[in-house]
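Architecture and fold: a report
What follows is each chain in one-letter form.
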Amino acid sequence: MDRLGLLESFIIALDEGSLNRAAQRRGISQPAMSLQIKQLETLLGHELLHRTSTGVKPTRPGELVYTQAQGLLSGYDLMCAELSALKESLSGTFRVNTSTFFGRIILGPVLLEVNQTYPDLNIVMKLEDRLVDVLRENVDLAIRSGTLGDSDGAARKIAQMETVLFATPSYLDQVGRPNAPEDLKRLKFIQHHEDQTGGFFPLTLDGVEYQAPVHVGFTADDPDLIIRAVANHTGYARAPQLFLDEALLEGRFEEVLPAYQPQPKDIYAVYPSRHSYDKRHEVVVTALLERIEALQQDSIARRCPATAIMA
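So, here is what we can say about the structure in this document.

Thresholds, definitions, all that
Residues numbered from 1 in each chain as written. Predicted model: local features only at pLDDT ≥ 70, side-chain atom pairs only at ≥ 80, totals over all residues. Heavy atoms only, no water. Phe/Tyr/Trp six-rings, centres within 6.5 Å; stacked < 30°, edge-to-face > 60°. Helix = DSSP H or I, 4+ residues; strand = E, 2+ residues; numbered from the N terminus. Polar contact = N/O pair within 3.5 Å; in protein donor to acceptor, adjacent residues only side chain to side chain. Contact = heavy atoms within 4.5 Å. Buried < 20%, exposed > 50% of the residue type's maximum accessible area, 1.4 Å probe, protein only. Arc of directions from axis to C-beta. Pairing = 2+ DSSP bridges. Core = buried A, V, L, I, M, F, W, Y, C linked by side-chain atoms within 4.5 Å.

A separate point is the packing of aromatic side chains. Under the defined criterion, the tally for this structure stands at six aromatic pairs. The structure contains a cluster of three or more aromatic residues connected by ring pairs, namely Phe-189, Phe-201 and Tyr-236.

What follows deals with the side chain of Asn-97. Among the secondary structure elements, Asn-97 is positioned in strand S3 (residues 92-98). Side chain to side chain, Asn-97 and Glu-128 meet in a polar contact 2.8 Å long. One polar contact links Asn-97 to Arg-144, side chain to side chain, over a distance of 2.6 Å. Setting aside residues no more than four positions away along its own chain, Asn-97 makes contact with Lys-126, Glu-128, Val-132, Val-139, Leu-141, Ala-142, Ile-143 and Arg-144.

Here we come to helix H7 (residues 223-231). Within the sequence span of H7, burial applies to Pro-223, Ile-226, Ala-229 and Val-230. The buried side chains of H7 occupy one side of the element, clustering within an arc of 120° when seen end-on. Two or three places before Asp-224, at the start of H7, stands the capping residue Asp-222, its side-chain oxygen 3.0 Å from that residue's backbone nitrogen. Once H7 ends, the next one or two residues include His-233, with phi positive near 65°.

At Asp-206, a position not held by glycine, the phi torsion is positive, near 55°. Note that Asp-206 resides in the loop between strand S9 (200-205) and strand S10 (208-213). Despite not being glycine, His-233 shows a phi value in the positive range, around 65°. One can find His-233 in the loop between H7 and strand S12 (237-240).

With six bridges connecting them, S9 and S10 associate as antiparallel partners. Counted as the bridge partner of Phe-200 is Pro-213 from S10. In this antiparallel pair of consecutive strands, S9 and S10, the connection spans two residues, and Asp-206 shows a positive phi of 55°. Of the strand pairs in this sheet, S9 and strand S14 (residues 261-262) are connected by two bridges, and their pairing is antiparallel. The partner of Leu-203 across the bridge, within S14, is Pro-262.

This part is about the sheet that holds S12. Whenever strands of a sheet pair, they do so through backbone hydrogen bonds, lying parallel or antiparallel. An order of S12-S7-S13 is seen for the three strands of this open sheet, with the pairing classed as antiparallel. Looking along the sheet, the strands with just one partner apiece sit at the ends: S12 and strand S13 (254-255). Sheet analysis places strand S7 (residues 163-167) next to S13, joined by two bridges and oriented antiparallel. Opposite Phe-166, over in S13, you have Glu-255 as the bridge partner.

If you look at the biggest cluster of nonpolar residues, it comprises 29 residues, and the most contacted ones within it are Phe-102, Leu-107, Leu-141, Ile-143, Ile-158 and Leu-288. Secondary-structure elements contributing two or more residues to this core are S3, helix H5 (100-117), strand S4 (121-127), strand S5 (141-145), strand S6 (154-161), strand S15 (265-271) and helix H9 (279-303). Those residues in contact with Leu-288 that sit more than four places away from it in its chain are Phe-102, Ile-106, Leu-107, Val-110, Ile-143 and Ile-158. Core analysis: the next-biggest nonpolar cluster, separate from the first, contains 20 residues, Ala-13, Leu-14, Leu-40 and Leu-48 among them.

Below you can see the structure in the form of structure tokens.
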């Protein structure tokens, strides 16, 4: 396998936290995925992964390789996009797929702006709360958060969004506010169907990771429904911070275990193949990243106005 391919397999292994799930994304067997990681370790002369019963984590050299590899693959994608731009104009039909909630709040406004800048580009946006197969369903670009599932095509993690655990003050008054991760077993977790917890999810405090027990009380594939369930005092949930700032500031919701940091929400760009990535993809992804960054800065400013003024 080419070196870029080995690096991509390594990135996918760490993104998934599991060689088995990484192999499924690659469409290969787990032994073949392990062999690719071994080939990369031999090529670079360093052990890159710690293999444990719960999955894989990077060694210190692995952390360095992960960071640099993301830059290399991103640069390769950009190079391909720029080469395509030499012979292609931004025109034709460009099919984009994402979830309903993410599309309404974030991606939809981005695509409207892109369409104004490039009027010859016919953007077809489809909102679906399921994992589409970009190759078989003729999708040029899918933007997904959380997990990717089994899907052919190429995928690249492009961003992360901070998340919080939240509930209504009334619900916490009723069941009691947790003081430590193990206290969460008393509360009902309202779960997005993509976030299968397996009975635990990680929380971080001062660089130390804790496995918090999860008592799932309700599962749905619609973020709006999950938020309504929380508002109805049914339990607590996890969602990106920037979606909840207003409700948290107004006191309609309250952070659960605010000292602990849940895992961020990963955002992925998925496209039919690495060679299909062109200027249209680059324009949309770049505009999307700019909007996410702006929203996250606004979120910080709302929560920490003094910090925003000093910045």
